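Commentary on secondary and tertiary structure
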Amino acid sequence: MWLIQAIAVCMNKILFIIVSFMASLTCLAQNPVRDSTSLKLNLMTFKNPPLIFFLIIICFSSNNLFAQDNSSGIKLFFEKVYLHMDKTYYASGDDIWFKAYLVNAQSNYPVNTSNNLYVELINPINKIVTREVVRLNNGIGVGDFKLDDSIAGGSYRIRAYTNWMRNFGTHFIFEKEIQVKNITGVNKKNSIVEKVVSVDKKTSTHAYKIQFFPEGGSLVEGISSVVAFKAEDGIGNGINATGSILSSKGDTVVHFKTSHLGMGSFNFKPETGIQYKAFVQYQSSSSIPADFPVATPDGFVMKVTDEDPSNFLVYVFSNTATLDMHPTGEITIAGKHAGKIFYNQKTFLKDGKASLNITKKDFPSGIASITLYDENLHPYCERLVYIEDADPLTINLSPDKNSYRPREKVTVNISVTDARQHPVKANLSMAAIDDGIEKPSTENILSYLMLQSEVTGKIENAADYFNKNNPQRFQQLDLLLRAQGWRSFLWRQMADTSIHISYLPEPGITISGKVTLGFGNKPAPNMNITLLAPAAKGNKIFITKTNASGRYYLDGLPLYGNQTIKINSKNDKDKRGGELFIDSLFNNVLPVDPNYTHTADTSFKLKQFAEESAKRLSSAQNTKWYSVLSEVVVTSKRNTVVLRDGEGYMNFGFPEYNFTITSNDYQNKTVEDFLVQKIPGAEYDVEKEGINFIANGKPVRARFIVDKREDVFERIDYYRVPLTQVISISVRHMVGMNLTDVFLIYLDLKPGAYNTDPAFINTDVTGYYEARNFYSPNYENPENKKPDERTTIHWEPMITTDENGKATVNFYNADPKTRIRIDVQGVTDKGVSVVSEAKYDVK
């Protein structure tokens, strides 16, 4: 009997998996890249374990992974990503090194739900400079950017996201500002960009404002409340301020002043029928009036204190008007972390008051919300609080010496233990930086995952709230949560957001396209598609069929770097048929907000960095440590062109851009990327494939002349030609007789770049970015006399502690006599963020 029951249970589970799996396919069919038919067909014809496994996870995972239902009934999960970078100040020609950590947004556990991470470098005028697709394995990936010698200086951004994150707007997108200083003087645009950013900041700093935040949400007449406030400039920096609150009777009710980064708090009890106004002095300005919250005649006031190290003390107050509206006095207090309920208690007001204790150990570490509901479960008050980890970890960094000589070998010992001194398994990354030229970052993986990704908006010096050497960190963090967290808590915003799943999680690289019949663009269904990737890691041959729309999808391809693939289309009689097309790879670029305001850094430490970088450049120029590549721009001697439309075009003195493509250009990947980087006025078309050239303030689509033949079909796939297949590119700006602008792109392609067989494609694609290894010199050889002026002394992205919780890293110092700062960050296998810092001197 027990055997029959066991079989019945297994069959029920199998049936549930099948039903849930098909429901997942229906929900995920909203993805703009594919429909449900093609997805199901591809799963049946192409064995794709990662995608199948992921979809089963969606149907069957535990509550630790999922939190919220959307309209389709499928439970959702959320991802966060953090990038640990070697530093935040860079000179032109520098390398940007980074390591990515992908975690579950609710538990911070490392996850494998997405394998593709898009990392972008965005310039001060909000244009993507370069973009990499990084492969994530078990939530970990590494990459780097090489800054051009002629890059414009200014405030840049690093942005990172998965395809799945796009379903939730910008809530989970990682962004970090970095400062780039051009120290070569070869790019004339540098001074323009830096001047614009500087002027924007100078103008905005005079737009001072102040906001007031009553604890719990609202002021109630006759009840005393704690009111937090924040005074800031136009770019969100806290500023010093003093002020007072005046009543409509002319009385000064209270005086206040900032205590931490423009924030402060005071007690306030509004009288019935009285209005109030704030008067504020910012910095050394005169008194300026400001709005003050209006008290409501009825409602609840909730106060939360954490003076008890084990409990939160919650006090609730109401007035007579409130009791008349809620005669039972019933209220409910709920405590949530990352949208999940960890505390839920009903109680009753007595004489308009109530109090209760909430045990901290019942919550995970991090930010939690405490919400008050009335008897109808209508929310009235909310307060954010922070719970410290009850079992804190310790990460120790121990250089083998306190001081070293230039070029001397350094050994750093790392150990990670829990509160009971037991070893901890952790995945870490380490940067050793010249502290004399590069000051510590104001954020780290701990501050980002626990605070910055939870409370939106600018948070100054976020790492200080988690610095154990800061004795006021808990009071300052509580003040921040009272003020900035009042209306910008991530999980409150998610609860108020209607979520529609439009983007699938990506288990790997997908090659897609279509097959058509004849010239009518009629879809060719049930065509057999075979892809050969000789340089792929693992499998080399991949097979699928086209769906009813003639579309095909090949998922999870292990393609790295630039490599050649061959695709053919055959019917069921093994005859080549149809015209085969391939989609652009990784063309799902997230739009950049054109109105984003950069926080330009004009501080002393940036000036100090620029001066020191210039000195090091000067001392090392003769050793090829730094080189300048000039742009090729010549004036055309061919002044007139006649195209097939019969119209003649003249260049009217516009410059002609000619490039002979070399391996140094392959970092741009495609013709499209190359043109955007090299041609002034060229920009990506966000509405359709290809690029636009700007002429007289208007976008203009270009015409192609490929291997000396004009393209009369207006093909846009030329933009996707890999740069490895191009011999040369020329761009000419011409003007027609009717004064219309036209841009001509001349492509000289390598043989075989485009095959004449319509059912066969032989092309190069760029897969995952293959991260470079950080060059660390070995100075055991005393004959190495080349000057070494590195500011990043060492970058070690893949450190894993052993069974004893230990790891060791070795490297050599550079030439400058300075102080070196070692920055280690990472996450344990239990989802606990760890950070540590150590310093030593080079004498």
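Description of the structure in this document. A quick note: this is a predicted structure, and the numbers were derived from the prediction, not measured.

Considering the nonpolar core
Residues Leu83 and Ile567 are the most contacted members of the largest nonpolar core, which totals 70 residues. Of the residues forming this core, the biggest block, 6 residues, is contributed by strand 5 (residues 95–104). With residues near it in sequence (within four places) discarded, Ile567 still touches Ile511, Ile529, Thr530, Leu531, Tyr552, Leu580, Ile582, Ala759, Phe760 and Ile761. Counting 27 residues, the second largest nonpolar core, distinct from the first, contains Tyr657, Ile679, Phe693 and Ala702.

Some thoughts on the packing of aromatic side chains
Pairs of aromatic rings are described using the distance from one ring centre to the other and the angle between the two planes. Following the criterion strictly, the structure yields 33 aromatic pairs and no others. On the basis of an interplanar angle of 70 degrees and a centroid distance of 5.1 Å, the ring pair of Phe174 and Tyr448 is categorised as edge-to-face. A residue pair is termed long-range when its members are at least 10 positions apart, and Phe174 in strand 10 (residues 174–181) and Tyr448 in helix 6 (residues 445–452) qualify at 274 residues. The class for Tyr448 is buried, based on a relative accessible area of 8%. Judged by centre distance (5.4 Å) and plane angle (20 degrees), the rings of Phe256 and Phe266 are stacked. Separated by 10 residues along the polypeptide, Phe256 in strand 14 (residues 252–257) and Phe266 in strand 15 (residues 263–268) bring together distant segments of the chain. Put simply, the rings of Phe212, Phe229, Phe256, Phe266, Phe268, Tyr276 and Phe292 touch in pairs and so form one group of aromatic residues.

Considering the pattern of salt bridges
Opposite charge on two side chains makes pairing possible when the charged atoms of those side chains draw close. All told, the structure shown has 35 salt bridges when counted by the stated rule. Residues Arg159 and Glu120 are paired through a salt bridge, measuring 2.6 Å at the closest nitrogen-oxygen approach. Of this pair, Arg159 sits in strand 9 (residues 154–161) while Glu120 sits in strand 6 (residues 116–122), and the two are 39 residues apart along the sequence. Comparing Arg159 with Glu120, the two get one shared label, buried. The partner of Arg383 in a salt bridge is Glu215, with the nearest N and O atoms 2.8 Å apart. With a gap of 168 residues between them, Arg383 in strand 24 (residues 379–387) and Glu215 in the loop between strand 11 (209–214) and strand 12 (225–232) connect regions that are remote in the sequence. The class for Arg383 is buried, based on a relative accessible area of 4%. Each of Asp95, Asp144, Lys146 and Arg772 takes part in salt bridges that share partners, so that together they form one network.

Overview of the side chain of Asn163
Tracing the backbone through its elements, the reader meets Asn163 in the loop between strand 9 and strand 10. In this structure Asn163 comes out as buried when scored by relative accessible area, which is 4%. One polar contact links the side chain of Asn163 to the main-chain carbonyl oxygen of Leu504, over a distance of 2.8 Å. Residues in contact with Asn163, not counting those within four places in the same chain, are Tyr118, Tyr503, Leu504, Glu506 and Asn588.

Concerning the sheet that holds strand 3 (residues 79–85)
Strand order across the open sheet formed by 3 strands is 3-5-8, with antiparallel pairing between neighbours. Lying at the two open borders of the sheet, with one neighbouring strand each, are strand 3 and strand 8 (140–146). Strand-to-strand twist in this sheet, taken as the mean axis angle between neighbours without regard to direction, amounts to 25 degrees. Relative to strand 8, strand 5 runs antiparallel, the two being bridged by 7 bridges. Residue pairing for strand 8: Trp97 is matched across the bridge by Asp144.

A look at the sheet that holds strand 49 (residues 806–812)
In spatial order, the strands read 25-27-49; together these 3 strands make up an open sheet with antiparallel pairing. In this open sheet, the two strands that pair with only one neighbour each are strand 25 (394–399) and strand 49. Averaged over neighbouring strand pairs, the angle between their axes works out to 20 degrees when direction is ignored. Relative to strand 27 (residues 409–417), strand 25 runs antiparallel, the two being bridged by 6 bridges.

Side note on the pairing of strand 28 (residues 426–434)
By the criterion of burial, strand 28 is predominantly enclosed, with 9 of the 9 residues buried. Alternating positions in strand 28 separate into two faces, Ala426, Leu428, Met430, Ala432 and Asp434 on one and Asn427, Ser429, Ala431 and Ile433 on the other, with burial throughout. As judged from the 9 bridges shared by strand 28 and strand 50 (residues 819–828), these two strands associate in the antiparallel manner. Following the sheet pairing, Asn427 is matched in strand 50 by Val827. Relative to strand 48 (residues 792–800), strand 28 is paired through 6 bridges, and the arrangement is antiparallel. Looking at strand 48, one finds that Asn427 is bridged to Thr800.

Observations concerning helix 10 (residues 671–678)
The buried count for helix 10 comes to 6 of 8 residues, which makes it a mostly enclosed element. Taken residue by residue, helix 10 has Val671, Glu672, Asp673, Phe674, Leu675 and Val676 as its buried positions. Contact partners of the buried residues in helix 10: strand 39 (656–660), strand 40 (682–684), strand 41 (691–695), strand 45 (726–736) and strand 46 (741–749).

What about the environment of Tyr775?
Position of Tyr775 among the secondary structure elements: in the loop between strand 47 (760–766) and strand 48. Given the relative accessible area of 61%, Tyr775 is considered exposed. Between the C-alpha atom of Tyr775 and that of Trp795, which follows or precedes it by 20 residues, the distance is 8.7 Å.

Points about unusual backbone geometry
Unusually for a residue other than glycine, Leu261 sits at a positive phi of about 50 degrees. Of note, Leu261 is situated in the loop between strand 14 and strand 15. Taking the relative accessible area as the measure of exposure, Leu261 reaches 26% and is therefore partly exposed. The backbone phi angle of Asn526 is positive, close to 60 degrees, even though this residue is not glycine. Relative to the helices and strands, Asn526 resides in the loop between strand 30 (522–523) and strand 31 (528–532).

A look at the environment of Thr162
Assignment of secondary structure puts Thr162 in the loop between strand 9 and strand 10. Along the chain, Thr162 and Leu504 lie 342 residues apart, while their C-alpha atoms are 9.5 Å from each other. Here Thr162 is in contact with Glu79, Leu102, Ser114, Asn116 and Leu117, once residues within four sequence places are set aside. Among the polar contacts listed, one links the side chain of Thr162 to the side chain of Glu79, at a separation of 2.7 Å.

Focus: the side chain of Gln484
For Gln484, the position within the fold is in the loop between helix 7 (473–483) and helix 8 (490–495). Looking at Gln484, its side chain comes within polar contact range of the side chain of Lys230, at 2.9 Å. At a separation of 2.8 Å, a polar atom in the side chain of Gln484 contacts the main-chain carbonyl oxygen of Lys458. Setting aside chain neighbours within four positions, we find Gln484 in contact with Lys230, Val455, Thr456, Gly457, Lys458 and Ile459.

Definitions and limits used
The written sequence of each chain sets the order in which its residues are numbered from 1. The predicted nature of this model means local features are confined to residues of pLDDT at least 70 and side-chain atom pairs, given and counted, to a pLDDT of 80 or more, with totals for whole chains, interfaces and linings taken over all residues. Each side-chain value is derived from all of the structure's non-hydrogen atoms; neither hydrogens nor water enter the calculation. What makes a nonpolar core is a set of buried Ala, Val, Leu, Ile, Met, Phe, Trp, Tyr and Cys residues whose side-chain atoms join them at distances within 4.5 Å. With a 1.4 Å probe rolled over the protein chains alone, any residue whose accessible area is under 20% of its type maximum counts as buried; one over 50% counts as exposed, and the rest are partly exposed. Only DSSP runs of H or I reaching four residues or more are called helices, and only runs of E reaching two or more are called strands; each is numbered from the N terminus. It only takes one pair of heavy atoms within 4.5 Å for two residues to be counted as in contact. Paired rings are identified among Phe, Tyr and Trp, the last through its six-membered ring, by centres lying within 6.5 Å, and are further divided according to the angle between planes into stacked (under 30 degrees), edge-to-face (over 60) and tilted (the rest). Put simply, a salt bridge is a Lys or Arg side-chain nitrogen that is within 4 Å of an Asp or Glu carboxyl oxygen. Residues adjacent in sequence count toward polar contacts only when both atoms are side-chain atoms; beyond that, a polar contact is any pair of N or O atoms within 3.5 Å, and within protein one must be able to donate a hydrogen and the other to accept it. If DSSP finds at least two bridges between two strands, the strands pair. Axis lines are fitted through C-alpha atoms, for helices just across the contact stretch, and the angle between N-to-C directions can take any value from 0 to 180 degrees.

Any link to function would need more than the numbers given here.
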